Amino acid sequence: MSKQFDVIVIGAGPGGYIAAIRAAQLGFSVACIDEWKNAAGGPAPGGTCTNVGCIPSKALLQSSEHFEHANKHFAEHGISATNVSMDVGKMLARKDTVIKQNNDGILYLLKKNKVAFFHGRGSFVKAADAAYEIKVTGAAEETLTGKHIIVATGSSARALPGVPFDEVNVLSNDGALRVGAVPKKLGLIGSGVIGLEMGSVWRRLGAEVTVLEALPTFLGAVDEQIAKEAKKAFDKQGLKIELGVKVGEIKSSKKGVSLQYADAKGEAKELLVDKLIVSIGRVPNTTGLNAEAVGLALDERGAIVVDGECKTSLPNVWAVGDVVRGPMLAHKAEEEGVAVAERIAGQHGHVNFNTIPWVIYTSPEIAWVGQTEQQLKATGRAYKAGTFPFLANGRARALGDTTGMVKMLADAVTDEILGVHIVGPMASELIAECVVAMEFRASSEDLARICHAHPSLSEATKEAALAVDKRTLNF
Ligand code: FAD
Ligand code: NAI
């Protein structure tokens, strides 16, 4: 006899475990299945985000930033720190502790909300009596039946054709977070989010880092002015980024990795590195689902086809997060998970794709919400722009971190904020205010008239809003 549930969630990443909790809060009986194993073979819910993504990368970014501060910036404050060294093993162990705290936290939350957790792979068996049979393969073989299925199986790193990840020399995001000693030379393919974050970690620790990017423009999705400012900062730090390259043959040996490529001018070049991180995007995880058994439609990339409400091609089967269209971000997955649980309960779950913030956790951080200046130009929308540099912000000066700016774009007629773009200190936190403002369809004047604490970095946001009307007070 199979165990019966109102809702079965496959995957316990940020999309899945949050959907499971919200569904349980709404009174449903809920099962959540996840196959991720920790080093001891036990359950490690939290998905890519917790185990090999958001959380561990931010732990290493923090450790490496402390190291860089101790080496390069303490002296300005009168603090002498000589012979500063980095114990990479300890740094990685700390990161693993942070991961475990999150895994345990999620197991606790599932239990607290009475979600039945199953450790193993979930796959479709068949549709039966307005429900679906799901097989769990893993520590225990189980068959579950659910009226509603939420697929939240996430994504995996995309490999270059013919160059599989060996996680020794050729690394995915997983191996990139486990490098046991600082490589002398590190290569990265792709100057996207992972390339910049991981490149920053290992550069700060002393690696000579080269990033090879196929596109001729740096961070094409980012506002051009902001991307330019960020590139200047990365160049100054010594992060070598080559744009417009065509990667050719890659050979991995005991000595390291050799990589042939053509540079932007078409000249043949060779890069020899100790380790190579390939960060060229991610592919949806659908192979283990046995989607064919029930006729679940996938697109040509292998992503589950969904409509605007995360409904799949099958009745009462939903899909959220990286396994469907849209940005591959943890908070987008979470919002979809909540919205789907609420829709199952007959409520009006909603995700506003126009106000999903993006953050790149480099130094300076890059964060944005809404439209870029180039997007507004392309659509012919009349807009006003205001910028304010951190150089003119008292808190940034006190912090000793004055790189970058806040840039606000507002409709030329209504003054509604259309986008905010930040490069600079704590951009990841500053962007939240702008998301709230845009959700409430605030005008730049609304933000400009709100009292902001002094001295704070957030005053730069207020000043950027004032700049839209050409009336900054501190610049
Ligand atoms: P996932 O987190 O991938 O979770 C899916 C889960 O389903 C996994 O545990 C998987 O094992 C499990 N699973 C798959 N198939 C099955 C099956 N058949 N049966 C059972 N279980 C299955 N996003 C941010 O917003 N901020 C960041 O700072 C950030 N940093 C990142 C850094 C790196 C290095 C990487 C790689 C990604 C980062 N991301 C970040 C992206 C973020 O991790 C993903 O967008 C997010 O994890 C997607 O959540 P998800 O629930 O859709 O899938
Ligand atoms: P990405 O899409 O951010 O960047 C990939 C880059 O690789 C692009 O610039 C692309 O032009 C380039 N590229 C593709 N093929 C190439 C080739 N053959 N040669 C050279 N360059 C090539 O993907 P990335 O960095 O792998 O990250 C995957 C996703 O994970 C991100 O898009 C994001 O959704 C998520 N993520 C989010 C983070 C955050 O929110 N802070 C941090 C890390 C990842």
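Per chain, residues are indexed from 1 in the order of the written sequence. By the order in which they are written, chains take letters starting at A while ligands take numbers starting at 1. Given that the model is predicted, a residue must reach a pLDDT of at least 70 before its local features are reported, and side-chain atom pairs must reach 80 or more before they are shown or counted; all residues, however, enter totals for whole chains, interfaces and linings. Heavy atoms throughout the structure, all of them, feed into the side-chain values; hydrogens and water do not.

**Concerning the nonpolar core**
Piece 1. Buried residues of nine kinds, namely Ala, Val, Leu, Ile, Met, Phe, Trp, Tyr and Cys, make up a nonpolar core once their side-chain atoms join them within 4.5 Å. For every residue, the accessible area obtained with a 1.4 Å probe (protein chains only) is divided by the maximum for its type, and the residue is called buried under 20%, exposed over 50%, and partly exposed between those limits. Core analysis: the biggest nonpolar cluster contains 36 residues, and Leu196, Trp202, Phe218, Leu219, Phe234 and Ile366 have the highest contact counts within it.
Piece 2. Counting residues per element, the ones that place at least two in this core are α3 (54–73), α4 (88–112), β8 (185–189), α6 (193–204), β9 (208–212), α7 (224–237) and β18 (365–370).
Piece 3. Contacts are assigned to residue pairs with any non-hydrogen atoms lying within 4.5 Å of each other. Residue contacts for tryptophan 202: discarding those within four places in its chain leaves Val88, Met91, Ala176, Val179, Ala181, Val182, Pro183, Leu186, Ala207 and Val209.
Piece 4. One finds Ala392, Val406, Ile431 and Met438 within the second-largest nonpolar core, a separate group that totals 29 residues. Numbering of helices and strands runs from the N terminus; a helix is a DSSP stretch of H or I covering at least four residues, while a strand is a stretch of E covering at least two.

**Focus: unusual backbone geometry**
Piece 1. In this chain, serine 363 is followed by proline 364 through a cis amide linkage whose omega measures 0°.
Piece 2. Here proline 364 shows up in the loop between β17 (358–360) and β18.
Piece 3. The omega torsion of the bond from histidine 454 to proline 455 falls at -10°, within 30 degrees of zero and hence cis.
Piece 4. If you trace the backbone, proline 455 turns up in the loop between α12 (444–448) and α13 (458–468).
Piece 5. Although it is not a glycine, glutamate 167 adopts a positive phi angle of roughly 60°.
Piece 6. Here glutamate 167 shows up in the loop between β6 (155–157) and β7 (170–171).
Piece 7. The exposure class assigned to glutamate 167 is partly exposed, which follows from its relative accessible area of 26%.
Piece 8. Its identity is not glycine, yet aspartate 415 carries a phi of approximately 70°, on the positive side.
Piece 9. Structurally, aspartate 415 can be placed in the loop between β20 (405–411) and β21 (417–424).
Piece 10. Judged by relative accessible area, which is 11%, aspartate 415 ranks as buried.

**Re the sheet that holds strand β12 (residues 256–262)**
Piece 1. Pairing between strands requires that DSSP locate at least two bridges from one strand to the other. The three strands are arranged β11-β12-β13 in an open sheet whose pairing can be described as antiparallel. Of all strands in the sheet, those with a lone pairing partner are β11 (246–253) and β13 (268–273), marking the two edges. Strand-to-strand twist across the sheet, computed as the mean angle between neighbouring axes with direction ignored, equals 15°.
Piece 2. Where β11 lies against β12, six bridges are found, and the strand directions are antiparallel. In the strand pairing of β12, lysine 246 is matched with alanine 262. Orientation is described by lines fitted to C-alpha atoms, with helices fitted over the stretch in contact, and by angles between N-to-C directions that extend from 0 to 180 degrees.

**Some remarks on the site of ligand 1**
Piece 1. The local shell around ligand 1 holds 37 residues, among which Asp34, Thr48, Lys58, Gly122 and Asp322 are the closest.
Piece 2. Threonine 48 is positioned such that a nitrogen or oxygen atom in its side chain is 2.7 Å from an oxygen atom of ligand 1.
Piece 3. Two N or O atoms form a polar contact when they lie within 3.5 Å of each other; inside protein one atom must be a possible hydrogen donor and the other a possible acceptor, and for residues adjacent in sequence the pair counts only when both atoms belong to side chains. Between ligand 1 and histidine 331, the relevant distance is 3.2 Å, taken from an oxygen atom to a side-chain nitrogen or oxygen of the residue.
Piece 4. Only α1 (14–25), β2 (30–34), α2 (47–52), α3, β3 (116–128) and α8 (330–344) provide two or more residues apiece to the shell around ligand 1.
Piece 5. With four residues, the single largest contributor to the shell around ligand 1 is α2.
Piece 6. Any residue outside Ala, Val, Leu, Ile, Met, Phe, Trp, Tyr, Cys, Pro, Asp, Glu, Lys and Arg is labelled polar, Gly included; the first ten of those are nonpolar and the last four are charged. Here the residues of the shell around ligand 1 are counted per class, giving 15 nonpolar, 16 polar and six charged. The rule for a residue being near a molecule or strand is that one of its heavy atoms must lie within 4 Å of it.

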